[in-house]
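Take a look at the letters that make up each chain.
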Amino acid sequence: MVSNLGIDINMRKNILFLSLVILISLTSVSCRRTSNKNDNKEVILVSFTVLADIIKNLAKDDFIVRSITKPGVEVHGYKPTPSDLVKASRAFVFVDNGFGFELWAEKFVSNLQVKRISVAKDLDPIFISEDFYKGKPNPHAWISPKRGMLYVDILVESLSELRPSKREFFKKNGKIYKDKLSKIDKEFSLFINNINKDRRYLVSCEGAFSYLTNDYGLEEVYLWPVNAESQITPKRMARTISLVKAKNVPTVFCESTVSNESQMVVANTTGAKFGGNLFVDSLSDDSGPASSYLKMLEHNLDLIKKGLF
Ligand SMILES: [Zn+2]
C-alpha cells in the first residue's frame, strides 16, 4: 500500500509537472501568436502626430502607424534621439510632411535605408514672404481642411503603391475620412461668408495659417513667420499692435507649442481679447481638445468662429 501510494504520489507529481509544461507551452504559443500578429505588421514611421493620425484613419489595422514626435511637442526643431534612429531603421517606410517643416528630416534619413514619402512633393506651396525663410514654402498646409483633403488623396495613393492589393480598402477609408473633412470645410466656409469683411483677420503667433486664410478669404497677421525662429522683434510687435488697433481686430490667438506671452502683450495693449491656443504642429494628448486631426480642426475653427463673430 505504502509503495503503491508512493507510486501514486510520484505519478500525480509527474502528471502535474506535465500539465504545467503543456500549459506553459500553450500560453507561450498563444503569446507568440499575439505578438507575431503585430510583429509581422510593417511599421509606418511618421514625423509628427497630425500626419500619423491621418494615416491611421486610412491604413487602419493594415500597418502599425507611429509618430516620432509626441503630442504637444514643437516639431520644426525637434532633435531625433538614438532610439528614433533605431525605430526608423526597422520601419517599412518613413513619412514626413516636407516643405522644410521637419528641419531635422534630411539628416535623419540620410544614413538610413528606409523608403520615404514626403506629402508636400504633390502639393502646391504658398511661400513665406519675409525674414530668414522668405521664399521658402510655408509648410503648414494641413491646417486648411481643403488641403487636408489633398493630404488624404496623396496618402491613399502612396499606401496603395506600398500595398496594391489593398487599394480599394484605402480608397474606401479615404472617402469616409474626406466626407468628414468636407463637412468641416463647408461649415467654416459658410461662417466666413456670413461675417463682415472687415472682421476677417486671423492674428496668431506663428505664421502657420497661410493656407487656411488663403483658402477661406481671411487676412493673416502673425508675430513671427515660423516657430523655428520664434523671436519677436520690437518692429513686429509694433506692426501687429498697430494693425490690431487700426482694424479693430476683436481677438488674437497663439499656438499650443509656443509661449503665448507676446500675444498677451498685444491683447493687453490693444484691448483685443486673447482667444486661446490654436493647434498646428502637434496634436494634444488624449485628454486635450485636439487629440485627432479632425478634433484639432474643429477646435481651431470653433475658437476662430467665437473670436471673430
Ligand atoms: Zn509650425
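Residues numbered from 1 in each chain as written. Predicted model: local features only at pLDDT ≥ 70, side-chain atom pairs only at ≥ 80, totals over all residues.

A.B. asks: Describe in detail the environment of Ala-105, supporting the description with residues and values.
C.D. replies: Structurally, Ala-105 can be placed in helix H4 (residues 105-110). Separated by eleven residues in the primary sequence, Ala-105 and Phe-94 have C-alpha atoms spaced 9.8 Å apart. If we ignore the near neighbours within four places in the chain, the residues touching Ala-105 are Ser-47 and Asp-96. (Helix = DSSP H or I, 4+ residues; strand = E, 2+ residues; numbered from the N terminus. Contact = placed C-beta atoms within 7 Å.)

A.B. asks: Go over the sheet that holds strand S3 (residues 93-96) with me, naming the residues and quoting the values.
C.D. replies: Pairing is parallel in the open sheet, where four strands are placed in the order S2-S1-S3-S4. Each edge of the open sheet carries a strand with a single partner, namely strand S2 (64-67) and strand S4 (115-118). Within the sheet, the average angular offset between the axes of one strand and its neighbour, ignoring direction, is 25°. Sheet topology note: the strand S1 (residues 43-46)/S3 ladder contains three bridges and is parallel. When the bridges of S3 are listed, Val-46 appears paired with Val-95. (Pairing = 2+ DSSP bridges. Axes fitted to C-alpha atoms, helices over the stretch in contact; angles between N-to-C directions.)

A.B. asks: Pulling in residues and values, what's your account of helix H10 (residues 293-308)?
C.D. replies: Look at H10: 22 Å from first C-alpha to last across 16 residues, which is about the 22 Å you get at 1.5 Å a residue. By the burial criterion, the buried members of H10 are Tyr-293, Met-296, Leu-297, His-299, Asn-300, Leu-301, Ile-304 and Gly-307. Residues of H10 that are buried sit in contact with helix H2 (49-59), helix H5 (145-162), helix H6 (167-194), strand S5 (201-206), strand S7 (251-255) and strand S8 (273-278). (Expected span 1.5 Å × (residues − 1). Buried ≥ 20, exposed ≤ 12 C-beta atoms within 10 Å, placed from the backbone.)

A.B. asks: Hey, could you go over the confidence of the model for the protein chain for me, with residue numbers and the actual values?
C.D. replies: Put simply, the protein chain has an average pLDDT of 89, and 86% of its residues get 70 or more. Scored below 50 in pLDDT, residues 1-7 makes zero contacts in the model with residues more than four places away or belonging to other chains. (pLDDT = per-residue confidence, 0-100.)

A.B. asks: Please set out the packing of H5 against H6 residue by residue, giving values where relevant.
C.D. replies: In the contact formed by H5 and H6, the axes pass within 9 Å of each other and the chain directions differ by 175°. Viewed along their axes, H5 and H6 adopt a mutual orientation that is roughly antiparallel. Facing Pro-145, Lys-146, Gly-148, Met-149, Val-152, Val-156, Leu-159 and Ser-160 of H5, the residues of H6 in contact are Arg-167, Phe-170, Lys-171, Gly-174, Tyr-177, Lys-178, Leu-181, Ser-182, Ile-184, Asp-185 and Phe-188. Counted by class, the contact of H5 with H6 contains ten nonpolar, four polar and five charged residues. (Parallel < 35°, antiparallel > 145°, perpendicular 65-115°, else oblique. Nonpolar A, V, L, I, M, F, W, Y, C, P; charged D, E, K, R; others polar.)

A.B. asks: Any chance you could break down unusual backbone geometry for me, citing the residues and the numbers?
C.D. replies: Even without being glycine, Lys-60 reaches a positive phi, approximately 50°. Positionally, Lys-60 belongs in the loop between H2 and S2.

A.B. asks: With reference to specific residues and values, describe the pairing of S1.
C.D. replies: Strand residues, when the strand is regular, have side chains that alternate between the two faces of the sheet. Sheet topology note: the S1/S2 ladder contains four bridges and is parallel. Paired with Val-46 across the strands is Ser-67, a residue of S2. A crossover connection joins S1 to the parallel S2 through H2; in handedness this β-α-β unit is right-handed. (Right-handed = clockwise from strand over helix to strand, strands pointing away.)

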